[in-house]
Amino acid sequence: MGDTIYTMGVDIGSTASKGLILKDGKEIMASAVIDVGAGTSGPSRAIKEVLKKTNLTLDDIDFITATGYGRNALEEADFQMSELSCHAKGAYFLFPKVRAIIDIGGQDAKALKIGDGGVLENFVMNDKCAAGTGRFLDVIARVLEVDISQLEELDTKSTLDVTISSTCTVFAESEVISQLAQGTKIEDIVKGIHDSIASRVGSLAKRVGLKDDVVMTGGVALNKGMVRALERNTGHKIYTSEYCQLNGALGASIFAYQKVMQNKRKTKVESK
Ligand code: ADP
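Residues numbered from 1 in each chain as written. Predicted model: local features only at pLDDT ≥ 70, side-chain atom pairs only at ≥ 80, totals over all residues. Heavy atoms only, no water.

Asks: In this structure, what is going on with the overall build of the protein? I would like to understand it.
Replies: Per the secondary structure count, the protein includes eight helices and ten strands. For 272 residues, the compact-globule estimate of 2.2 N^0.38 gives 19 Å, and the C-alpha radius of gyration of the protein, at 20 Å, lies within 12% of that figure. For the protein, the C-alpha atoms occupy an extent of roughly 75 × 35 × 30 Å along the three principal directions. Buried residues in the protein amount to 53% of all 272 residues. (Helix = DSSP H or I, 4+ residues; strand = E, 2+ residues; numbered from the N terminus. Rg over C-alpha atoms; globule rule 2.2 N^0.38 Å. Buried < 20%, exposed > 50% of the residue type's maximum accessible area, 1.4 Å probe, protein only.)

Following this line, the structure appears as structure tokens:
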């Protein structure tokens, strides 16, 4: 493959496994998302799938960095990095003006403060409670008998403000069932749920101190209804990208590229 450097980032989350291949530290060649996370076949399937989308084999990959909740269990990995650093790195690559990141994944929500050059300065996190995470949306989507990917469109159809006041996922589920029994429209419930999550995550984000540009990452950022609810709550424009769920894997593959370059420099110095 000549002098081209191929690096892979693998982000093993609680809910999904993500793989991304970067060419020469700049070009995203391929990516894959498998809807199962740590402790499952997800990580190895993500690696297989992302390789399949290129003409590469594992031997062609110069360096693999693992991140996410299940990063320490990945045998193929050459290195592990915290997902906070990877999110900062990935978002800075996509949005060089980033100053804050709101990340909502399957089982946690984080707000990151980013300094000059994409450096992580501070963060706050909720990983103690499902409310305010993707899990909350997954539970509600099941009760409403819709797919998670339909929430965005339902949100746009809402005409009535509905307040979901329960702060606990289990009670919110009962509240939604009772709203349905009273004839409240699904779209209005969906928007109410988005606003309820935005209020929880919005206060987390305010604690870290939001500054423009604000970027949202994680699988939940695929739901633009959720992005709009956070914009209403925080008063900031929120940027997202098609790679929002792959942002951690992207950051990991950039770190992998930097490792390769460092090792090359070392070898040069040693051979002098
Ligand atoms: P983790 O890294 O914790 O595994 P992710 O950042 O991959 O989590 O996000 C997973 C969450 O993203 C799911 O719980 C789900 O709520 C949400 N999600 C996944 N795909 C979609 C989609 N197509 N539309 C809206 N939300 C989605």
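Asks: Help me understand the sheet that holds strand E9 (residues 214–217) in this model?
Replies: Paired through backbone hydrogen bonds, the strands of a sheet run either parallel or antiparallel to each other. An order of E8-E7-E6-E9-E10 is seen for the five strands of this open sheet, with the pairing classed as mixed. The sheet is open, and its two edges are formed by strand E8 (120–126) and strand E10 (238–239), each paired on a single side. Taken together, the four bridges between strand E6 (residues 100–104) and E9 define a ladder with parallel strand orientation. Paired with Ile 102 across the two strands is Met 216, which belongs to E9. (Pairing = 2+ DSSP bridges.)

Asks: Explain the site of the ligand to me, please; I cannot follow it from the model alone.
Replies: Neighbouring the ligand are 17 residues, the closest being Thr 15, Ala 16, Lys 18, Asp 138 and Gln 245. Within the side chain of Lys 18, an N or O atom sits 2.8 Å from an oxygen atom of the ligand. The protein chains hide 85% of the 580 Å² of surface that the ligand would expose on its own. Classifying every residue of the shell around the ligand gives four nonpolar, eleven polar and two charged. (Near = heavy atom within 4 Å. Polar contact = N/O pair within 3.5 Å; in protein donor to acceptor, adjacent residues only side chain to side chain. Areas by Shrake-Rupley, 256 points an atom, 1.4 Å probe, with all protein chains shown as cover. Nonpolar A, V, L, I, M, F, W, Y, C, P; charged D, E, K, R; others polar.)

Asks: I would appreciate a short explanation of the nonpolar core in the present structure.
Replies: For soluble globular proteins, the rule of thumb is that nonpolar side chains tend to be buried together. One finds Ile 104, Ile 193, Met 216 and Leu 230 to be the most contacted residues of the largest nonpolar core, which totals 40 residues. Looking at this core, the elements that each hand over two or more residues are E6, strand E7 (109–114), helix H3 (134–143), helix H4 (151–156), helix H5 (169–181), helix H6 (186–208), E9 and helix H7 (224–234). When residues in this core are grouped by element, the largest group, nine residues, is from H6. Among all residues touching Leu 230, those that are not within four sequence positions of it are Ile 102, Ile 104, Ala 198, Val 201, Gly 202, Met 216, Gly 235 and Ile 238. One finds Met 8, Ala 30, Ala 32 and Leu 56 within the second-largest nonpolar core, a separate group that totals 16 residues. (Core = buried A, V, L, I, M, F, W, Y, C linked by side-chain atoms within 4.5 Å. Contact = heavy atoms within 4.5 Å.)

Asks: Explanation requested: H3 in the structure shown.
Replies: Each α-helix turn comprises 3.6 residues. Residues three or four places apart therefore point the same way. Burial analysis of H3 places seven of its ten residues in the buried class, the great majority of the element. Contact partners of the buried residues in H3: E6, H4, H5 and H6. By the N-cap criterion, in which a side-chain oxygen at the helix start approaches the backbone nitrogen of a residue two or three places on, H3 is capped by Thr 133, the distance to Arg 135 being 3.2 Å. At the exit of H3 stands Glu 145, carrying a positive phi of roughly 55 degrees.

Asks: So what exactly am I meant to see when it comes to the environment of Gly 37 here?
Replies: Along the chain, Gly 37 turns up in the loop between strand E3 (27–34) and helix H1 (42–52). Among residues more than four places away in sequence, those in contact with Gly 37 are Ile 12, Gly 13, Ser 14, Thr 15, Ala 16, Ser 17 and Pro 43.

Asks: How should I be thinking about the pattern of salt bridges in this particular structure?
Replies: Two side chains of opposite charge can pair, provided their charged atoms sit close to one another. The tally for this structure, following the rule as stated, stands at eleven salt bridges. With a closest N to O distance of 3.1 Å, Asp 127 and Lys 128 form a salt bridge. Classification of Lys 128 as exposed rests on a relative accessible area of 76%. Each of the salt bridges in this network shares a partner with another, and the network as a whole consists of Arg 71, Glu 83, Asp 103, Asp 108 and Lys 110. (Salt bridge = Lys/Arg side-chain N within 4 Å of Asp/Glu carboxyl O.)

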